Amino acid sequence: MNSRTQSLLVGLVGGVASALLIMGPGNLSPLSVLLSACAVLPILIAGLGWSNFAGAVSVITGTVIIAAVISPLGALMVAVTTLLPAAWIAHLSNLARPAEEIGGPQGKLAWYPLSDIMLHICGLVSLSLIILGYAVGYGEELVRPVLDDVFTILAEQNPQSQLDAEVTAEMVTFMTRVLPALQSAMWVIILFTTWYLACGIVRVSGRGKRPADFIPAALRMSRLALLIFGAGLALSFIGGTAGLIGSAISGAFAGGFMLAGLAMLHHRTVGRAWRFVALWFSYMAIFILFPLPLIVFLFAGLFDTARTAPLSTSGNPPDDPGDSSNSNNQTN
């Protein structure tokens, strides 16, 4: 079986697996969110371990299945928010160039910087949520029924907690502005986590092309990400559609900076006797006091930006005539 045929089969299997994970629960629940997050894994594994062709076949297969079972619009939304970003991230991860071309040592490959991969993750999440919000007509009219149900449940549990109409209207306005930021930040964290897991899976299987990144040192956001975050934050204070777009952008990039801040903590504690205690305390604080501790890591990430490319011994990734991810690809 040649590599092209193998990539085709892997892509078909990956697309079917992604579609089943997305369609499995059938309703909105914590389980559906978890399965949707896992749905990007087959796409990432196909792209990282085999080829861009395998990743593209996975995206097309998953989209076609969802369109046939659910609806074409639903399939388009899943493709834009989940499948296509995963395939693109896998493609970027396999880009490399000779290190001497960027001033590095001879005989080494410089792989696409993790900071730039994070930049793309944040940008893709921002764009996909903006498109999704436009498609579903996101606004107070969409948020109000959900919050009304929440307020009704709270009132049934505690009749004294009923809110008057003015307070309810303020809560709806506030949540309408905040939800895009929360959703985009969460999806950035999910995409990065699944990317990390997929890299580990393909590396253990012997299919990995990219060398293992030392995440605590490598995970930093670029200066360009800092500028985009600032622009999105400023835009979020404008009312109307522009404010919602700014909320989605600033939330996505805030998620990236939070991850960078957590990576800094891991890096600063390497080799320290109190490392386990510090990490355990930090993650428990996030779990219990969410989201306050994440704000600390957000600021930590904002004040430390860097752009480095991991190096590996020179040599071509696994041959694939149909794949453009080889050592002749150029990093930015």
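Position numbers for residues start from 1 in each chain and track the written sequence from start to end. Local features in this predicted model are restricted to residues of pLDDT 70 or higher, and side-chain atom pairs are both shown and tallied only at a pLDDT of 80 or more, whereas totals for entire chains, interfaces and linings draw on every residue. The side-chain quantities take in all heavy atoms of the structure and omit both hydrogens and water.

(A) Layout of the UniProt feature "transmembrane region" (unreviewed entry) in the protein chain. The feature "transmembrane region" (unreviewed entry), as annotated in UniProt, sits at residues 28-46, 117-137, 185-205, 217-238, 244-265 and 277-303 in this numbering. Across residues 117-137, the secondary structure splits into 95% helix and 0% strand, with the terminal C-alpha atoms separated by 30 Å. Numbering of helices and strands runs from the N terminus, with a helix taken as a DSSP run of H or I at least four residues long and a strand as a DSSP run of E at least two residues long. Taken end to end, residues 217-238 comprises 73% helix and 0% strand; its first and last C-alpha atoms sit 36 Å apart. UniProt positions are given in the numbering used here, feature names are shortened, and annotations may be inferred rather than shown by experiment.

(B) Geometry of empty space enclosed by the protein. For each structure, a 1 Å grid was placed over the protein atoms alone; sets of points admitting a 1.4 Å probe that cannot get out are labelled cavities, open sets with protein on both sides within 12 Å along at least five of seven lines are labelled pockets, and lining residues have an atom within 4 Å of a point. Grid points are joined across faces, edges and corners, and a volume is the space filled by probe spheres set on the points. Taken as a whole and assessed by the stated rule, the structure comprises one cavity of 30 Å³ or more. The computed volume of the largest cavity comes to approximately 60 Å³. Around the largest cavity, the lining residues are Leu48, Asn94, Cys199, Val202, Arg203, Gly208, Lys209 and Arg210. Counting residues per element, the lining of the largest cavity draws most heavily on helix α8 (residues 165-204), at three residues.

(C) Seen up close, helix α6 (residues 114-136). Take the residue count of a helix, subtract one, and multiply by 1.5 Å to get its expected span. When the terminal C-alpha atoms of α6 are compared, their 33 Å separation across 23 residues agrees well with the 33 Å that a helix rising 1.5 Å per residue should span. In the segment just after α6, Gly137 is the residue with positive phi, at about 70°.

(D) Representation of the packing of helix α3 (residues 40-49) against helix α5 (residues 72-93) in the model. Taken N-terminus to C-terminus, the directions of α3 and α5 make an angle of 30°; their axes are 8 Å apart at the nearest point. One element, α3, and the other, α5, form an angle in the roughly parallel class. α3 and α5 meet at a crossing whose hand is right-handed. Residues Val40, Ile43, Leu44, Gly47 and Leu48 of α3 pack against Thr82, Leu83, Ala86, Ala87, Ile89, Ala90 and Ser93 of α5. Only C-alpha atoms enter the line fits that serve as axes; for helices the fit covers just the stretch in contact. Angles between N-to-C directions range over 0 to 180 degrees. Angles are sorted into four bins: roughly parallel if under 35 degrees, roughly antiparallel if over 145, roughly perpendicular if 65 to 115, and oblique for all others. Handedness of a crossing follows from how the near helix is turned relative to the far one, being left-handed for an anticlockwise turn of less than a right angle and right-handed for a clockwise one. Residue contacts are defined here by distance: any two heavy atoms, one from each residue, within 4.5 Å place the two residues in contact.

(E) Spotlight on the nonpolar core. Put simply, a nonpolar core is a bunch of buried Ala, Val, Leu, Ile, Met, Phe, Trp, Tyr and Cys residues held in one set by side-chain atoms that sit within 4.5 Å of each other. In this scheme, a residue with accessible area under 20% of its type's maximum is buried, one over 50% is exposed, and one in between is partly exposed, where area comes from a 1.4 Å probe on protein chains only. Formed by 62 residues in total, the largest nonpolar core has its most connected members in Leu44, Met118, Trp195 and Phe253. The element contributing the most residues to this core is helix α11 (residues 240-268), with 11 residues. Dropping the residues within four chain positions of it, Leu44 is found in contact with Gly49, Ala86, Ile89, Ala90, Thr194, Trp195 and Ala198.

(F) The packing of α6 against α11, seen in detail. The N-to-C vectors of α6 and α11 enclose an angle of 150°; their axes lie 9 Å apart at closest approach. On the basis of their axis angle, the class for α6 and α11 is roughly antiparallel. Between α6 and α11 lies a crossing whose hand is right-handed. Where α6 abuts α11, its residues Met118, Leu119, Cys122, Gly123, Val125, Ser126 and Ile130 lie against Ile245, Ala248, Ile249, Ala252, Phe253, Gly256 and Leu259.

(G) Structural context of α11. A rise of 1.5 Å per residue sets the reference length of α11, with its 29 residues, at 42 Å; its end C-alpha atoms lie 42 Å apart and thus fit the reference within 8%. Across the 29 residues that make up α11, a large majority, 23, are buried.

(H) Quick look at the pattern of salt bridges. Whenever Lys or Arg places a side-chain nitrogen within 4 Å of a carboxyl oxygen from Asp or Glu, that contact is recorded as a salt bridge. Tallied over the entire structure, the rule returns three salt bridges. We note a salt bridge from Arg220 to Asp304, for which the minimum N-O separation is 3.3 Å. Highlighted residues: Arg220 in the loop between α9 (215-218) and α10 (223-236) and Asp304 in the loop between α13 (292-302) and β3 (311-313), separated in sequence by 84 residues. By relative accessible area, which is 5% here, Arg220 ends up buried.

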